[in-house]
Amino acid sequence: MQTQRGGIRGRGPNQRLYLEQIRVNDLTFGIGPAGTGKTYLAVASAVEALHSGSVRRIVLRSARRAGPRRRSSVGASRRCSTACDPSAAQSRTEVQV
């Protein structure tokens with residue numbers, strides 16, 4: 001990836017795999033400890049796709065974990081019954097950065 005300040009690339013094998021999965025798949029989940037570059041690489045990939053014309057817009061959503069004091073949104077179980085079904089996903093790759 002090229003930016004005004006230079007190139008952005010994965011520093012280690014897991015970051016390179018993460019970037020490749022972002023390029024290949026429509027949806028990629030990055031899991032791992034804080035400070036490993038997951039968000040930085042994901043946003044850099046999104047901006048590159050926007051500038052290259054691969055996508056028309058970037059949609060940002062805050063990820064909120066449901067805890068004992070938070071209730072999941074109404075209809076979440078209905079949406080999840082089809083969206084979270086592992087058999088519905090064509091391909092899924094988990095990459096720990």
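Residues numbered from 1 in each chain as written. Predicted model: local features only at pLDDT ≥ 70, side-chain atom pairs only at ≥ 80, totals over all residues. Heavy atoms only, no water.

A. A look at the overall build of the protein chain. Each helix and strand in the protein chain was counted, giving three helices and four strands. Within the protein chain, buried positions represent 18% of all 97 residues. Restricting the contact set of the protein chain to residue pairs at least 6 apart, pairs at least 24 apart contribute 48%. (Helix = DSSP H or I, 4+ residues; strand = E, 2+ residues; numbered from the N terminus. Buried < 20%, exposed > 50% of the residue type's maximum accessible area, 1.4 Å probe, protein only. Contact = heavy atoms within 4.5 Å.)

B. Structural context of a nonpolar patch on the surface. Together, Val43, Val47, Leu50, Val55, Ile58 and Leu60 make up an exposed nonpolar region whose accessible area comes to about 480 Å². If you trace the backbone, valine 47 turns up in helix α2 (residues 38–52). A relative accessible area of 33% places valine 47 in the partly exposed class. (Patch = residues over 30% accessible without salt bridge, like charges linked within 9 Å, V, L, I, M, F, W, Y side chains within 5 Å. Areas by Shrake-Rupley, 256 points an atom, 1.4 Å probe, with all protein chains shown as cover. Salt bridge = Lys/Arg side-chain N within 4 Å of Asp/Glu carboxyl O.)

C. Representation of the environment of glycine 10. Among the structural elements, glycine 10 can be located in the loop between β2 (6–7) and α1 (13–24). Overall, the relative accessible area of 3% leaves glycine 10 in the buried class.

D. Layout of the environment of phenylalanine 29. Counting through the fold element by element, phenylalanine 29 comes out in the loop between α1 and β3 (30–31). The class of phenylalanine 29 is exposed, set by a relative accessible area of 59%. Residues phenylalanine 29 and alanine 42, spaced 13 residues apart in sequence, show a C-alpha to C-alpha distance of 9.7 Å.

E. The arrangement of the pattern of salt bridges in detail. Applying the stated criterion to the full structure yields one salt bridge. In this structure, glutamate 20 engages arginine 23 in a salt bridge whose closest nitrogen and oxygen atoms are separated by 3.5 Å. Note that glutamate 20 and arginine 23 are positioned in helix α1 at a spacing of three residues, about one turn of the helix.

F. Looking closely at α2. Given a rise of 1.5 Å per residue, 15 residues ought to cover 21 Å, and the 21 Å separating the end C-alpha atoms of α2 matches this to within 8%. Buried residues of α2: Lys38, Leu41, Ala44, Ser45 and Ala49, and no others. For α2, the angular spread of buried residues about the axis comes to 140°, placing them on one side. Residues of α2 that are exposed and point over 90 degrees away from its buried face: Thr39, Tyr40 and His51. One or two positions beyond α2, positive phi appears at glycine 53, with a value near 90°. (Expected span 1.5 Å × (residues − 1). Arc of directions from axis to C-beta.)

G. Summary view of the environment of leucine 50. Along the chain, the position of leucine 50 falls in helix α2. With relative accessibility at 33%, the residue leucine 50 sits in the partly exposed group. In contact with leucine 50, not counting residues within four places along its chain, are Val55, Arg56, Arg57 and Ile58.

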